[in-house]
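# Commentary on secondary and tertiary structure
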Amino acid sequence: MKKILLSVLLSAPLWVLGQGFQVNLQGQKQIGMAGAGSALALDEASVFYNPGAVTFLEKNSVSAGVNPLLFKSAFKQSGSNITEDVKNKIAPPFEFYAVWGPKSNKWKLGLGVYTPFGGLVDWGDNWSGKYALTSLNLKAIYFQPTLSIKITDRIGIGAGFVYNHGDVNLQRALPVNYPDGRSGHVTLDGTGTGYGWNAGLYIKTLSNISFAIVHKSKVITKLDGGTAEFDVPKSLEGSFPPGNTFNAELPLPATTSLGVGIPLSKSTVLAFDASWVQWHIYKELAFDYATNTSALADTRSARNYRDGSSFKLGINHQASEKLALRAGVGYAFSPVQDGYVTPEAPDADRYILSAGLGYTPTSHFEVNASFFFEDVKSRKQKNIETGLDGTFKTLVYAPGLSLTYKW
C-alpha cells in the first residue's frame with residue numbers, strides 16, 4: 001500500500017503550467033487579433049508584446065482589463081461510453097499597463113502586471129482520474145517595469161525586468177479508503193517567486209512595413225515551504241506526518257517571437273507573429289519534502305518536454321474615427337509529448353479564433369472588447385506514470401474588456 005501511495009505522489013505534477021498551459025490574454029487589441037501584434041505600436045500592451053515599440057506610442061496612458069476564461073474539458077476512458085466533464089469554473093486572467101514619457105517621444109517608461117500562465121480546473125472527487133487530480137487553482141502573476149528608447153525615428157529598443165509571483169493549490173485522491181468508503185486525499189498548497197526579463201526591437205521601414213524581434217527569458221519559479229496535507233486513515237498517519245512541507249521548482253519557458261506589420265491601407269493593418277516557446281528546459285519534476293518516511297521520499301519524475309510554437313495572423317481596421325474592428329486566426333503546436341498528457345491541462349495542438357472591437361468616445365477614454373476561442377484537438381493518451389488511459393477534448397472561451405485613459 002505504501003508503494004502505491006508513493007507512486008501516486010510521484011506521478012502527479014505540482015506545477016501544471018509545464019503542460020503547455022499558457023494564457024495568451026495580455027492586451028485586448030492584440031487578443032482580438034489572435035495574439036498577434038508584436039510589430040505594431042498599438043497601445044500600452046506593447047509593454048508585454050514588444051518593449052521596443054513602447055516609445056512609438058504617441059500618448060501616455062493607463063489601462064486595465066480582464067478576460068473571464070472558461071476551460072471546458074471532457075474525458076472518455078478507454079473502453080467506456082461515459083464522458084466526464086470538468087465543473088464550470090471561471091478563471092480571471094487580467095492585465096494592467098501604464099506608459100509615461102516626455103512629449104519628445106525619445107524614451108518612455110512602462111509598467112505591466114499580467115498573468116501569462118495559470119489554470120483553474122475541477123474534475124470532482126469521484127471521476128475516473130481522481131488519483132491523478134481532483135482540482136487545481138494556479139496563478140502566475142508577472143510584474144514588469146520597462147524602459148523603451150527611440151534610437152532613430154524608425155527604430156526602437158526596450159527591455160523590462162520581470163518578477164513572478166505564483167500561487168498553487170492542487171488536490172487529488174489517494175488510493176486508500178476510510179470505513180465509510182471515502183478515499184484519502186492530499187492537498188498541496190504554496191507560493192513561489194521567480195525573475196526574468198523581456199526585451200524587444202521594433203523597426204519601421206520607409207514603406208511603413210514594421211518588423212519585431214522579441215525575447216522573453218525563462219523564469220525559474222522557486223516554491224519554498226509549500227504545505228502538504230494528507231487526509232488518510234489513522235493506520236497510515238505515521239507514514240504521512242502532519243505539518244509537512246516541500247520545495248520545488250518550475251522552469252517557465254523562454255519565448256522568442258518574430259513579427260511583421262503590413263499596412264493594407266491608411267485604416268487597415270495586418271499583423272503576423274511566429275513564436276518559438278522553449279519548453280525543452282522542463283526535463284523533470286522534483287519534490288523535496290522536509291520530512292521523509294518509508295512511503296514519502298523525495299521524488300524525481302521525468303517530463304521530457306519538447307519546444308512548442310505558434311503562428312498568429314490578425315487584422316485591425318479603423319472603421320471610423322471612433323470605431324475599430326479586429327479579427328484573428330492562429331495555430332499552436334503543443335510541447336507535451338505522447339505519454340505525458342495529464343488532466344491538469346490536457347494539452348494538444350490547437351486552433352485559435354478571435355474577434356474584437358474598440359470604441360473611443362473622447363480623446364482621453366477608450367474601451368476595447370475581445371472574444372478569444374481555442375479548439376484543442378482530441379487526444380487519446382495513456383499516461384506513462386499514472387496509467388490514465390482515454391481521450392481528452394478541450395474548448396477554451398475567453399471574452400474580454402478593458403478601459404484606457406490617455407493624456
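Residues numbered from 1 in each chain as written. Predicted model: local features only at pLDDT ≥ 70, side-chain atom pairs only at ≥ 80, totals over all residues. Heavy atoms only, no water.

By the naming in an unreviewed UniProt entry, the protein chain goes by Outer membrane protein transport protein and is assigned to Pedobacter jeongneungensis. Recorded in UniProt under Sequence similarities (unreviewed entry), the annotation for the protein chain is "Belongs to the OmpP1/FadL family." Listed in UniProt under the heading Subcellular location (unreviewed entry), the comment for the protein chain reads: "Cell outer membrane". (UniProt positions renumbered as here; feature names shortened; annotations may be inferred.)

### Considering the overall build of the protein chain
Of the regular secondary structure elements, the protein chain holds three helices and 21 strands. For 407 residues, the compact-globule formula gives about 22 Å, and the C-alpha radius of gyration of the protein chain, at 23 Å, lands near that figure. With the C-alpha coordinates aligned to their principal axes, the bounding extent of the protein chain is approximately 75 × 45 × 35 Å. Counting across all 407 residues of the protein chain, residues that qualify as buried make up 54%. Element-wise, carbon and sulfur atoms account for 61% of the exposed surface of the protein chain, whose accessible area totals about 16900 Å². Taking the average location of the 37 positive side-chain charges in the protein chain and that of its 32 negative ones, the two points are 6 Å from each other. (Helix = DSSP H or I, 4+ residues; strand = E, 2+ residues; numbered from the N terminus. Rg over C-alpha atoms; globule rule 2.2 N^0.38 Å. Buried < 20%, exposed > 50% of the residue type's maximum accessible area, 1.4 Å probe, protein only. Areas by Shrake-Rupley, 256 points an atom, 1.4 Å probe, with all protein chains shown as cover. Lys, Arg positive; Asp, Glu negative; His and termini not counted. Charge placed at Lys NZ, Arg CZ, Asp CG, Glu CD.)

### Looking at the pattern of salt bridges
Across all of its chains, the model carries 10 salt bridges by this definition. The salt bridge partner of Asp338 is Arg379, with a shortest N-O separation of 2.9 Å. One end of the pair, Asp338, is in the loop between β18 (323-333) and β19 (350-359); the other, Arg379, is in strand β20 (residues 365-382), with 41 residues separating them in the sequence. On the basis of relative accessible area, Arg379 is assigned to the buried category, the value being 12%. Across the pair Lys393 and Asp375 runs a salt bridge, and its minimum N-O distance is 2.5 Å. (Salt bridge = Lys/Arg side-chain N within 4 Å of Asp/Glu carboxyl O.)

### Looking at empty space enclosed by the protein
Where empty space is left can be seen by rolling a probe of water-molecule size over the atoms. Evaluated as defined, the whole model comprises six cavities of 30 Å³ or more. Along the wall of the largest cavity there are 42 residues; nearest its centre are Gln22, Asn24, Thr255, Val277 and Lys312. Looking at the lining of the largest cavity, the element that brings in the most residues is strand β17 (residues 308-318), giving four residues. Per-class residue counts for the lining of the largest cavity are 20 nonpolar, 16 polar and six charged. The calculated volume of the second largest cavity comes to roughly 80 Å³. Lining the second largest cavity are 10 residues, and of these Gln22, Val23, Leu69, Glu374 and Val396 lie nearest its centre. Its residues assigned to classes, the lining of the second largest cavity shows six nonpolar, two polar and two charged. (1 Å grid on protein atoms, 1.4 Å probe; cavity = no way out; pocket = protein on both sides within 12 Å on 5 of 7 lines; lining within 4 Å. Points joined across faces, edges and corners; volume = space filled by probe spheres on them. Nonpolar A, V, L, I, M, F, W, Y, C, P; charged D, E, K, R; others polar.)

### What to know about the packing of aromatic side chains
In this description, an aromatic ring pair is defined by two values, namely the gap between the centres and the angle between the planes. The final tally for this structure, using the stated rule, is 25 aromatic pairs. Arranged with centres 5.0 Å apart and planes meeting at 70 degrees, the rings of Phe48 and Tyr114 form a pair that is edge-to-face. Of this pair, Phe48 sits in helix α3 (residues 46-49) while Tyr114 is found in strand β6 (residues 107-122), placing the two residues 66 residues apart along the sequence. Per residue, the accessibility class of Phe48 equals that of Tyr114, and both read buried. (Phe/Tyr/Trp six-rings, centres within 6.5 Å; stacked < 30°, edge-to-face > 60°.)

### Remarks on the layout of surface pockets
Looking at the largest pocket, its volume works out to about 1100 Å³. Taken together, 36 residues line the largest pocket, and the ones lying closest to its centre are Lys29, Ala41, Leu42, Glu58 and Gln318. Counting residues per element, the lining of the largest pocket draws most heavily on β18, at three residues. The space that makes up the second largest pocket amounts to roughly 200 Å³. Residue lining of the second largest pocket: 17 residues in total, with Ala91, Pro92, Pro93, Leu138 and Lys139 positioned closest to the centre. Mapped onto the lining of the second largest pocket, the elements with two or more residues apiece are β2 (69-77), β6 and β7 (135-152). Here the lining of the second largest pocket gets five residues from one element, more than from any other, and that element is β6.

### A look at unusual backbone geometry
One non-glycine residue, Ala34, adopts positive backbone phi at about 65 degrees. A positive phi angle is found at Asn208, which is not glycine, with a value near 70 degrees. With respect to the helices, strands and loops of the structure, Asn208 is situated in the loop between β9 (183-204) and β10 (210-216). A relative accessible area of 37% means that Asn208 is categorised as partly exposed.

### Quick look at the side chain of Gln278
Positionally, Gln278 belongs in strand β14 (residues 268-278). Gln278 sits in the buried class, given a relative accessible area of 12%. Within the structure, the side chain of Gln278 is placed 3.1 Å from the side chain of Thr256, a separation counted as a polar contact. With near-sequence residues (within four places) excluded, Gln278 lies in contact with His215, Pro253, Ala254, Thr255, Thr256 and Asp307. (Polar contact = N/O pair within 3.5 Å; in protein donor to acceptor, adjacent residues only side chain to side chain. Contact = heavy atoms within 4.5 Å.)

### A word on the pairing of strand β5 (residues 94-100)
Burial along β5 is one-sided: Glu95, Tyr97 and Val99 are buried, while Phe94, Phe96, Ala98 and Trp100, pointing the other way, are not. In terms of strand pairing, strand β1 (residues 61-66) meets β5 through six bridges, oriented antiparallel. Its bridge partner lying in β5, Ser61 is registered against Val99. The sheet contact formed by β5 and β6 spans six bridges and is antiparallel. Within β6, the residue paired with Ala98 across the bridge is Leu111. Two successive antiparallel strands, β5 and β6, enclose a turn made up of six residues, where Asn105 displays a positive phi of approximately 65 degrees. (Pairing = 2+ DSSP bridges.)

### Some points on the environment of Ala199
Within the secondary structure, Ala199 is located in strand β9. A relative accessible area of 22% means that Ala199 is categorised as partly exposed. The sequence separation of Ala199 and Ser217 amounts to 18 residues, and the corresponding C-alpha distance is 8.5 Å. Not counting chain neighbours up to four residues away, the residues in contact with Ala199 comprise Pro51, Gly158, Ala159, Ile213, Val214 and His215.

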